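Listed below are the residues making up each chain.
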Amino acid sequence: MKKSSVVIAGGGSTFTPGIVLMLLEHQDRFPVRQIKLYDNDAERQKKIAEACRILLAERAPDIAFSYSVRPEEAFSDVDFVMAHIRVGKYAMREKDEKIPMRHGVLGQETCGPGGIAYGMRSIGGVIEILDYMEKYSPDAWMLNYSNPAAIVAEACRRLRPCSRVINICDMPVGIEERMAEIAGLKSRREMTVRYYGLNHFGWWCDIRDRDGNDLMPAIKAHVAGCGYVVDSDAGTEPDWRETFAKARDVYAVDPDTLPNTYLKYYLFPDYVFRHDSRHPEHTRASEVMEHREKEVFAAAADIVARGTAAGCGFHSDEHASYIVDLAEAIAFNRQARMLLIVENDGAISNFASDAMVEIPCLVGSAGYEKISIGRIPLFQKGLMEQQVAVEKLVVDAWINGSYQALWQAITLSRTVPSASVAKAILDDLIEANRGYWPELK
Ligand code: NAD
Ligand code: G6P
Ligand code: MN
């Protein structure tokens, strides 16, 4: 069986250890001969990488391991770039969340003005990594899950239309795991779904088991009662539990489909703001820094101090196995059906052909083929048209250095009440993002 070489870009990410462990667990279907880490923050990456080195030496001595901040070293001789960078790290995520709240608008990592600010930082970082890949390993594929994926995907479409990059998100996967549990199945892998929308902005319109039985009625009945909260949720973080529960109200707006949880930010922005502004100084980024980041880096330090990963605090991120599904499908031409963020080009017949949409695709060694969705209802179409315009205006703003386009983007977001509020938020965001955004005129 062919063995692949993988570089994880954003080596210092809190998700890196979970992904490395998850890769080890799936060696039977996606064998790797080499794992490299790449980051532009040497110090942060070293902490994670030295722990991974010990872990890999113990558990998979045949896999070559290295890490670097030098692009040539990191991107040479690779088949796959798995990218999860966060330009500006949590310090900037925190500002994305807090600045809009000062103006009475919700602050979120990928939605509304916070997501727009993050997009303006991410585009350059992701394109840079794509260029390194093409320079040092021109036949490789980049599997990108750096956020905000919708804006990043539109930027790739505009700036690198011929590149071998696939943008993907884990939220539908996570929700489908819940749906499978609700339907009494062992795994989401037993379901075939039809889904359409934009990234963090979509709906399921058909869900079947392997025999073709319609699972929508049973799942809808559950969601109408308690959203996507499931029996196995005892250990779920309170923030996420709230999001899964709120899906009940999101579902009620269109009971013909089942919604992505992220729609709560667009359909109930007033509720989210009221909820989050009870603790305006303690946002999701604060929470992640206090818990996930602390825990992952403490576990890494512990491995290095003890010189062994035996009984360590790194946990495999099984949730992330969708990345292996994607790599395996390309490496072994599996024709696997997966939700990807791709150029519409007629797949949704009554929607702009140049929009980046999230839809099912068949993935093989030649890339992906889109599955036709046909016409979508007016409600979804209207919402999507507004949101896709936001995403396109952000990319326009980045490419042209246009203040006007970015003001329009923020104004057009459903999360923002007026052009004057949009302008006030924008002016604060410009100040906070100096050195990260292109200069706007
Ligand atoms: P993190 O801050 O812990 O890690 C990100 C790493 O990227 C940091 O080590 C940072 O130094 C590095 N980095 C920043 N800019 C870089 C650049 N230009 N080049 C190379 N490295 C750079 O963040 P995290 O919480 O672990 O999340 C990582 C990313 O994954 C985020 O973009 C997050 O939104 C995304 N994510 C996406 C999904 C999805 O489904 N699409 C799921 C989870 C996380
Ligand atoms: C989901 C989304 C990601 C997002 C993440 C945030 O997995 O699909 O796009 O980055 O949630 O999670 P966090 O725990 O960092 O708030
Ligand atoms: Mn996502």
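One can find the structure itself at the top, above this paragraph.
Residues numbered from 1 in each chain as written. Chains lettered and ligands numbered in written order. Predicted model: local features only at pLDDT ≥ 70, side-chain atom pairs only at ≥ 80, totals over all residues. Heavy atoms only, no water.

**Student:** Even after reading the chapter, I still don't get the site of ligand 2, so can you show me in this structure?
**Tutor:** Taken together, R93, E109, N147, C169, D170, M171, H200, W240, Y262, R284, V288 and R292 make up the full set of residues adjacent to ligand 2. Interatomic distance of 2.5 Å between a side-chain N/O atom of D170 and an oxygen atom of ligand 2. In this structure, R292 approaches ligand 2 through a side-chain N or O atom, which is 2.8 Å from an oxygen atom. When isolated, ligand 2 has an accessible area of 390 Å², and the protein chains bury 87% of it. Per-element tally for the shell around ligand 2: the top contributor is helix α12 (residues 284-306), with three residues. (Near = heavy atom within 4 Å. Polar contact = N/O pair within 3.5 Å; in protein donor to acceptor, adjacent residues only side chain to side chain. Areas by Shrake-Rupley, 256 points an atom, 1.4 Å probe, with all protein chains shown as cover. Helix = DSSP H or I, 4+ residues; strand = E, 2+ residues; numbered from the N terminus.)

**Student:** Help me out: how do you make sense of the packing of helix α6 (residues 149-159) against helix α14 (residues 378-400) in this one?
**Tutor:** Each pair of packed helices can be summarised by the angle the axes make with each other and by the distance between the axes. Interaxial distance between α6 and α14 falls to 9 Å at its minimum, and their mutual angle equals 55 degrees. Taken together, the axes of α6 and α14 lie oblique to each other. Along this stretch, α6 crosses α14, giving a crossing that reads as right-handed. Residues A150, I151, E154, A155, R157, R158 and L159 of α6 form the contact with α14, whose own contacting residues are E391, K392, V394, V395, D396, W398 and I399. Grouping the amino acids of the contact of α6 with α14 by side-chain chemistry returns eight nonpolar, no polar and six charged. (Axes fitted to C-alpha atoms, helices over the stretch in contact; angles between N-to-C directions. Parallel < 35°, antiparallel > 145°, perpendicular 65-115°, else oblique. Left-handed = near helix turned anticlockwise from the far one by under 90°. Contact = heavy atoms within 4.5 Å. Nonpolar A, V, L, I, M, F, W, Y, C, P; charged D, E, K, R; others polar.)

**Student:** Sorry, what's going on with the site of ligand 1 here?
**Tutor:** Taken together, 27 residues are adjacent to ligand 1, and S13, D39, Y90, Y118 and D170 come closest. Between an oxygen atom of ligand 1 and a side-chain N or O atom of S13, the distance comes to 2.5 Å. Contacts to ligand 1 include I85, whose backbone N or O atom sits 2.8 Å from an oxygen atom. Taken together, the elements giving at least two residues each to the shell around ligand 1 come down to α4 (89-102) and α5 (112-136).

**Student:** Honestly, the nonpolar core in this entry has me stumped. Any pointers?
**Tutor:** In summary, soluble globular proteins display a tendency toward joint burial of nonpolar side chains. In this structure, F30, I207, L258 and F314 are the most contacted members of the largest nonpolar core, which totals 102 residues. Counting residues per element, this core draws most heavily on helix α13 (residues 321-331), at eight residues. Summarising the domain contributions, this core has at least three residues from each of domain 1 (4-167 + 286-317) and domain 2 (378-432). F30 has contacts with S4, V6, L23, F80, M82, V324, A327, E328, A331 and F332, leaving out every residue within four places of it along the chain. Listed in part, the 49 residues of the second largest apolar core include I127, L393, L426 and I430. (Core = buried A, V, L, I, M, F, W, Y, C linked by side-chain atoms within 4.5 Å. Buried < 20%, exposed > 50% of the residue type's maximum accessible area, 1.4 Å probe, protein only. Domains from an automatic or database assignment.)

**Student:** How do you make sense of the pairing of strand β5 (residues 141-144) when you look at a structure like this?
**Tutor:** Looking down a regular strand, the side chains alternate between one sheet face and the other. Neither face of β5 is left uncovered, since the one carrying W141 and L143 and the one carrying M142 and N144 both have all their residues buried. Both strand β4 (residues 80-83) and β5 contribute to a ladder of four bridges, which runs parallel. Among the inter-strand pairings, M82 is bridged to a residue of β5, identified as L143. Relative to strand β6 (residues 165-167), β5 runs parallel, the two being bridged by three bridges. Note that in β6 the partner of M142 across the bridge is V165. (Pairing = 2+ DSSP bridges.)

Function cannot be inferred from these measures alone, as they are strictly geometric.
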